[in-house]
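Below, each chain spelled out in residue letters.
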Number of protein chains: 2
Amino acid sequence: MRLTLYSDYSLRVLLYLSHKEGETVTITELADFYKISRNHLVKVVHNLGINGFIATSRGKHGGIRLARPAHEITVGEVVRYTEPDFDLLECFNPETDQCVITNTCSLKSMLFEARSAFIKVLDRYTLAEAAAKAPSEFRSIPILQG
Amino acid sequence: MRLTLYSDYSLRVLLYLSHKEGETVTITELADFYKISRNHLVKVVHNLGINGFIATSRGKHGGIRLARPAHEITVGEVVRYTEPDFDLLECFNPETDQCVITNTCSLKSMLFEARSAFIKVLDRYTLAEAAAKAPSEFRSIPILQG
DNA sequence: CTAAACATTCATTCGTAATACATGTTATTT
DNA sequence: AAATAACATGTATTACGAATGAATGTTTAG
């Protein structure tokens, strides 16, 4: 279970902008700071603009900045717009589901509930909080690797 | 955000065995019932055996059956053993993390908490419950597709 | 001894995330 | 008006790992 690097990069861009709220930042500056592919960031920034998280301006002295205050944008909201999907099981997508027991097993609703719990946590946190130093780690339940 | 088909198939195998608790079932029977690749199931079953979820017996009249009662095996436990990892962000794996802000941002702890909430829900449900008909859907928080 | 079953390893396919590239559009500056 | 610096947008390529396939080994019942 992973988020895409795309979501990861999207959050990093918004975090950087949160630190410099109000200022205009260029993609090149972001790529240099994070030491990641400028080409990939181009797409990430483009998408963030389309979804209204950032305001973009072209031309000389152009760049990007947060379109809304950092304390009004939740992490959950961002992730919902950047992840391609949240289809945990085959049966989550009725278009492609071919499982023969979809109608008689309740795994789907269990995973639905788990997914909701996941998103709910992320909806409680804003970019402003994420940009602050981590207060502690919430890893109360250890994850075992198979 | 997805689980692997491998985890999906693992759960399906255990669900089938839950329905036939005590009986011995062959991989071929499972593949026929679910109409999925027998080769893939071979691996799934092998892994479930290694991790103690099922008891396997070779030779004529061999097969597999649950190694523990269905009501004692939680969905969360299974998923933890079948998913390759739960590394939601690059910074989740210190071995490969190259993010330059890992130490000053708190996204990691937020995602940790969300992940714990996710697993916690799945730890509440057993295979016995999953094998029963779904009572309802818990989809309280709608997921938007980017 | 044979057949039926799982055990185990290796090889291949395939989807898609990740990346790279090329060209277009806009706006500022001189 | 021209040059430049920035984002916009679409296309192509690469790379990784999940998914699948195949082959051989081992065990057990009859």
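Rules used throughout
- Residues numbered from 1 in each chain as written.
- Chains lettered and ligands numbered in written order.
- Predicted model: local features only at pLDDT ≥ 70, side-chain atom pairs only at ≥ 80, totals over all residues.
- Heavy atoms only, no water.
- Helix = DSSP H or I, 4+ residues; strand = E, 2+ residues; numbered from the N terminus.
- Buried < 20%, exposed > 50% of the residue type's maximum accessible area, 1.4 Å probe, protein only.
- Contact = heavy atoms within 4.5 Å.
- Areas by Shrake-Rupley, 256 points an atom, 1.4 Å probe, with all protein chains shown as cover.
- Lys, Arg positive; Asp, Glu negative; His and termini not counted.
- Charge placed at Lys NZ, Arg CZ, Asp CG, Glu CD.
- Near = heavy atom within 4 Å.
- Polar contact = N/O pair within 3.5 Å; in protein donor to acceptor, adjacent residues only side chain to side chain.
- Nonpolar A, V, L, I, M, F, W, Y, C, P; charged D, E, K, R; others polar.
- Arc of directions from axis to C-beta.
- Axes fitted to C-alpha atoms, helices over the stretch in contact; angles between N-to-C directions.
- Parallel < 35°, antiparallel > 145°, perpendicular 65-115°, else oblique.
- pLDDT = per-residue confidence, 0-100.

What about the overall build of chain A?
Part 1 of the argument: In terms of regular secondary structure, chain A is built from six helices and two strands.
Part 2 of the argument: Along chain A, helices (α) and strands (β) appear in the sequence α-α-α-β-β-α-α-α when read from the amino end.
Part 3 of the argument: Taken along its principal axes, the extent of the C-alpha atoms in chain A is 60 × 35 × 30 Å.
Part 4 of the argument: Put simply, chain A has 146 residues, and 51% of those count as buried.
Part 5 of the argument: Residue pairs at least 24 apart in sequence account for 59% of intrachain contacts in chain A once pairs closer than 6 positions are excluded.
Part 6 of the argument: Counting only carbon and sulfur atoms, one obtains 51% of the accessible surface of chain A, whose full area is about 7100 Å².
Part 7 of the argument: Placing the 17 positive and 17 negative side-chain charges of chain A at their respective mean positions leaves the two points 6 Å apart.

Quick look at the protein's contact with DNA strand D
Part 1 of the argument: The environment of DNA strand D is made up of 27 residues, and the closest members are A:His46, A:Arg58, B:Leu5, B:Lys43 and B:Arg58.
Part 2 of the argument: Counting only atoms of DNA strand D within 4 Å of the protein, the fraction found in sugar and phosphate groups is 72%.
Part 3 of the argument: One of the backbone nitrogen or oxygen atoms of B:Tyr6 is found 3.2 Å away from a phosphate oxygen of DNA strand D.
Part 4 of the argument: A distance of 3.1 Å separates a base nitrogen of DNA strand D from a polar side-chain atom of B:Asn39.
Part 5 of the argument: At the level of elements, helix H3 (38–50) and strand S1 (54–57) of chain A together with helix H1 (5–19) and helix H3 (38–50) of chain B are the ones that each hand at least two residues to the surface near DNA strand D.
Part 6 of the argument: Here the surface near DNA strand D takes four residues from H3(A), the largest share from any one element.
Part 7 of the argument: Here the surface near DNA strand D is composed, by residue class, of seven nonpolar, 13 polar and seven charged.

Focus: unusual backbone geometry
The general pattern is negative phi for most residues beyond glycine and trans for most peptide bonds.
Residues and elements named next belong to chain A.
Part 1 of the argument: The phi dihedral of His61 is positive, around 65°, even though this residue is not glycine.
Part 2 of the argument: Inspection of the secondary structure puts His61 in the loop between S1 and strand S2 (63–66).
Part 3 of the argument: The exposure class of His61 is exposed, given its relative accessible area of 77%.

Description of helix H4 (residues 75–82) of chain B
Part 1 of the argument: Where burial is concerned, most of H4(B) is hidden: six out of the eight residues are buried.
Part 2 of the argument: Regarding H4(B), the residues found buried are B:Val75, B:Gly76, B:Val78, B:Val79, B:Arg80 and B:Thr82.
Part 3 of the argument: On its buried side, H4(B) packs onto helix H5 (107–124) of chain A together with H1, H3 and helix H5 (107–123) of chain B.

Topic: the protein's contact with DNA strand C
Part 1 of the argument: Around DNA strand C sit 26 residues in total, of which A:Leu5, A:Lys43, A:Arg58, B:His46 and B:Arg58 are the nearest.
Part 2 of the argument: Within the backbone of B:Gly59, an N or O atom sits 3.5 Å from a sugar or linking oxygen of DNA strand C.
Part 3 of the argument: Where the surface near DNA strand C is concerned, the elements lending two or more residues are helix H1 (5–19) and H3 of chain A together with H3 and strand S1 (54–57) of chain B.
Part 4 of the argument: The element best represented in the surface near DNA strand C is H3(B), accounting for four residues.
Part 5 of the argument: Grouping the amino acids of the surface near DNA strand C by side-chain chemistry returns six nonpolar, 13 polar and seven charged.

Structural notes on helix H2 (residues 27–34) of chain A
All names here are of chain A.
Part 1 of the argument: All buried positions along H2 are accounted for by Ile27, Leu30, Ala31 and Tyr34. Buried residues in H2, looked at end-on, bunch into an arc of 95°, giving them a common side.
Part 2 of the argument: With its phi angle positive at about 60°, Lys35 sits one or two positions after the end of H2.

Let's talk about the packing of helix H4 (residues 75–82) of chain A against H5(A)
Residue and element names in this part refer to chain A.
Part 1 of the argument: Where H4 contacts H5, the two axes come as close as 5 Å, and the packing angle between them is 125°. Taken as axis vectors, H4 and H5 run oblique relative to one another. For the pair H4 and H5, the contacting residues are Val75, Gly76, Glu77, Val79 and Arg80 in the first and Ile119, Leu122 and Asp123 in the second.
Part 2 of the argument: Classifying every residue of the contact of H4 with H5 gives four nonpolar, one polar and three charged.

A short note on the confidence of the model for chain A
Should pLDDT be low for a region, the predicted coordinates there are not to be read in detail.
Residues and elements named next belong to chain A.
Part 1 of the argument: Mean pLDDT for chain A: 91, with 90% of residues reaching 70 or above.
Part 2 of the argument: The secondary structure element of chain A with the lowest average pLDDT is helix H6 (residues 127–131), at 93, and the one with the highest is H4, at 98.
Part 3 of the argument: Note that pLDDT drops below 50 for residues 134–140; the model gives that stretch 17 contacts with residues more than four away or on any other chain.

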